[in-house]
Amino acid sequence: MSNERQSMGLRLRVLVLSGYDAASHQRWRHQLMGLLPDYEWQCLALPPRFFRWRIRGNPLTWLNEPRLLEQWDLIVATSMVDLATLRGLHPQLAHTPCLLYMHENQFAFPAASAQHASVEPQMVNLYSAIAADRVVFNSAWNRDSFLDGVAAFLKKMPDGVPGGLIETLRAKSGVIPVPIEDRLFIDSPRPINWRCPHLLWNHRWEYDKGPERLLSLLCALETRSVPFRVSVVGERFRSSPKAFEQIQQAFGGRVEQWGFLERREDYDHLLARTDIVLSTALHDFQGLAMLEAMASGCIPLAPDRLAYREYVPELCRYESHEQDADREAEGAALCLQRLMEQQPAQCQPMPWRASVLAGQYRRLFEDTIRMS
């Protein structure tokens, strides 16, 4: 069908399924539609709430969805979609090429999160990966942690585990990151205030992004008499870790910007006037906030773990001590002092640029259609 449509000059029809349409997932699918406008795009998206119900119940929610009865050249499903169940409930989809895009994987979420204590989300990820024709991750760390997590999970099973499953999954897996918009990339280096750097912490206000570690780092800088200013921004929720209140109370005189910025242009302006973007995260599957700031000219400062090893220069990565926050904070403070002394050049993540990745996405989609 797809080859016939192409030979007739008809646009390829692509259906995107977003089972838990968080802001980063929305951004990614809108980018794809903009980067590949010659495709005919449609999307089914579910609100990012009621996590347990969403990840397990999306096939039921979409049970009577008429668009799943239409002819599609390609299905692109996000990692929250129960693709195996969906293809089973809609037999016609068994003959439609399906690509699973993994923004995250449930095997690598920190164990402290009660939200992800059940194995159900992990099973959805695993079955979906098995059911998909291709599986693509937004970072090599995401892919590797998924495959390692599946291997460890299967070792706990009492019997009936099929041989060669990890090798099969690895063979159909690839890595293509979420693109960073071209408009964020500055054309030439901008000045960095190395005497009193403006630090930017721009992550979700949740425990897994390490706000307590941010507090420890700022305290370590204060103890060392390192001059700095700081902006703490990001998506907030009804309940935020107490560390944010402690940071605001202890370092209010150094704060330049605090809280969520409603307007995107205000956030972009902040990126353009900060010096060092830092992360204290315990998990980050790609790190869009870091990449955006780096594209805008910020120098990164991140722990030597997660996806940061794929694009943050070694000089800008401090020692990772996940079990010792105080020791990690001291290492981060020392790393910042070293950066202030050596004053490295800005390092834009050019391979993550949208115009660079557009061709990779096109080849991925068309190869998936051709091979299925």
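Residues numbered from 1 in each chain as written. Predicted model: local features only at pLDDT ≥ 70, side-chain atom pairs only at ≥ 80, totals over all residues. Heavy atoms only, no water.

Caption draft 1: Up close: the overall build of the protein chain. Along the protein chain, the regular secondary structure elements total 13 helices and 12 strands. On C-alpha atoms alone, the protein chain measures out to a radius of gyration of 22 Å, which is about the 21 Å that the 2.2 N^0.38 rule sets for 372 residues. By principal-axis analysis of the C-alpha atoms, the protein chain measures approximately 65 × 50 × 35 Å. Of all 372 residues assigned to the protein chain, the portion counted as buried reaches 55%. Of note, the protein chain has its 41 positive side-chain charges centred 1 Å away from the centre of its 44 negative side-chain charges. (Helix = DSSP H or I, 4+ residues; strand = E, 2+ residues; numbered from the N terminus. Rg over C-alpha atoms; globule rule 2.2 N^0.38 Å. Buried < 20%, exposed > 50% of the residue type's maximum accessible area, 1.4 Å probe, protein only. Lys, Arg positive; Asp, Glu negative; His and termini not counted. Charge placed at Lys NZ, Arg CZ, Asp CG, Glu CD.)

Caption draft 2: Structural detail: a nonpolar patch on the surface. Together, Phe50, Trp53, Leu60, Leu63 and Leu89 make up a nonpolar patch on the protein surface, roughly 520 Å² of accessible area in all. Classification of Phe50 as exposed rests on a relative accessible area of 56%. (Patch = residues over 30% accessible without salt bridge, like charges linked within 9 Å, V, L, I, M, F, W, Y side chains within 5 Å. Areas by Shrake-Rupley, 256 points an atom, 1.4 Å probe, with all protein chains shown as cover. Salt bridge = Lys/Arg side-chain N within 4 Å of Asp/Glu carboxyl O.)

Caption draft 3: Expanded view of the pattern of salt bridges. All told, the structure shown has 30 salt bridges when counted by the stated rule. For the salt bridge of Asp133 with Arg87, the shortest nitrogen-to-oxygen distance reads 3.7 Å. Linking Asp133 in the loop between α5 (120-131) and β5 (134-137) with Arg87 in helix α4 (residues 83-89), this pair joins segments that are 46 residues apart in sequence. A residue is classified by how much of its surface remains accessible, and Asp133, at 29% relative accessible area, is partly exposed. Its salt-bridge partner being Arg204, residue Asp208 comes within 3.1 Å of it at the nearest N-O pair. Look at Asp208 and you get buried, because its relative accessible area is 5%. Assessed through its relative accessible area of 24%, Arg204 is described here as partly exposed. One connected set of salt bridges, linked through shared partners, spans Arg27, Glu181, Arg183, Arg264, Asp268 and Glu292.

Caption draft 4: Region of interest: empty space enclosed by the protein. Scanning all chains against the criterion turns up 1 cavity of 30 Å³ or more. Space inside the largest cavity adds up to approximately 30 Å³. Around the largest cavity, the lining residues are Arg213, Leu217, Thr280, Tyr318, Ala325, Glu328, Ala329 and Ala332. Within the residue set of the lining of the largest cavity, elements represented by two or more residues are α8 (211-223) and α12 (325-342). The biggest single contributor to the lining of the largest cavity is α12, with 4 residues. Tallied by class, residues from the lining of the largest cavity come to 5 nonpolar, 1 polar and 2 charged. (1 Å grid on protein atoms, 1.4 Å probe; cavity = no way out; pocket = protein on both sides within 12 Å on 5 of 7 lines; lining within 4 Å. Points joined across faces, edges and corners; volume = space filled by probe spheres on them. Nonpolar A, V, L, I, M, F, W, Y, C, P; charged D, E, K, R; others polar.)

Caption draft 5: Quick look at unusual backbone geometry. One non-glycine residue, Leu306, lies in the positive phi region at around 60°. Looking at the element boundaries, Leu306 is found in the loop between β11 (299-303) and β12 (317-318). Residue Leu306 is classed as buried on the basis of its relative accessible area, which comes to 9%.

Caption draft 6: Local environment of the pairing of strand β8 (residues 229-233). When you tally the buried positions in β8, you get 4 out of 5 residues, the bulk of the element. Two elements, strand β7 (residues 198-202) and β8, share 5 bridges in a ladder whose sense is parallel. Residue pairing in the sheet places Asn202 in a bridge with Val233 of β8. The β-α-β motif built from β7, the intervening α8 and the parallel element β8 has right-handed crossover chirality. Once the chain exits β8 it traverses helix α9 (residues 243-251) before rejoining the sheet at strand β9 (residues 255-258), and the crossover so formed is right-handed. (Pairing = 2+ DSSP bridges. Right-handed = clockwise from strand over helix to strand, strands pointing away.)

Caption draft 7: Highlighting the nonpolar core. Core analysis: the biggest nonpolar cluster contains 78 residues, and Leu199, Leu221, Tyr361 and Phe365 have the highest contact counts within it. A per-element tally of this core places helix α11 (residues 288-295) first, with 7 residues. With near-sequence residues (within four places) excluded, Leu199 lies in contact with Leu218, Leu221, Phe228, Arg229, Val230, Ser231, Ile276, Leu278 and Leu336. Judged by nonpolar contacts, the second largest core, of 30 residues, contains Trp62, Ala77, Val81 and Leu83. (Core = buried A, V, L, I, M, F, W, Y, C linked by side-chain atoms within 4.5 Å. Contact = heavy atoms within 4.5 Å.)

Coordinates in, geometry out; function isn't part of it.
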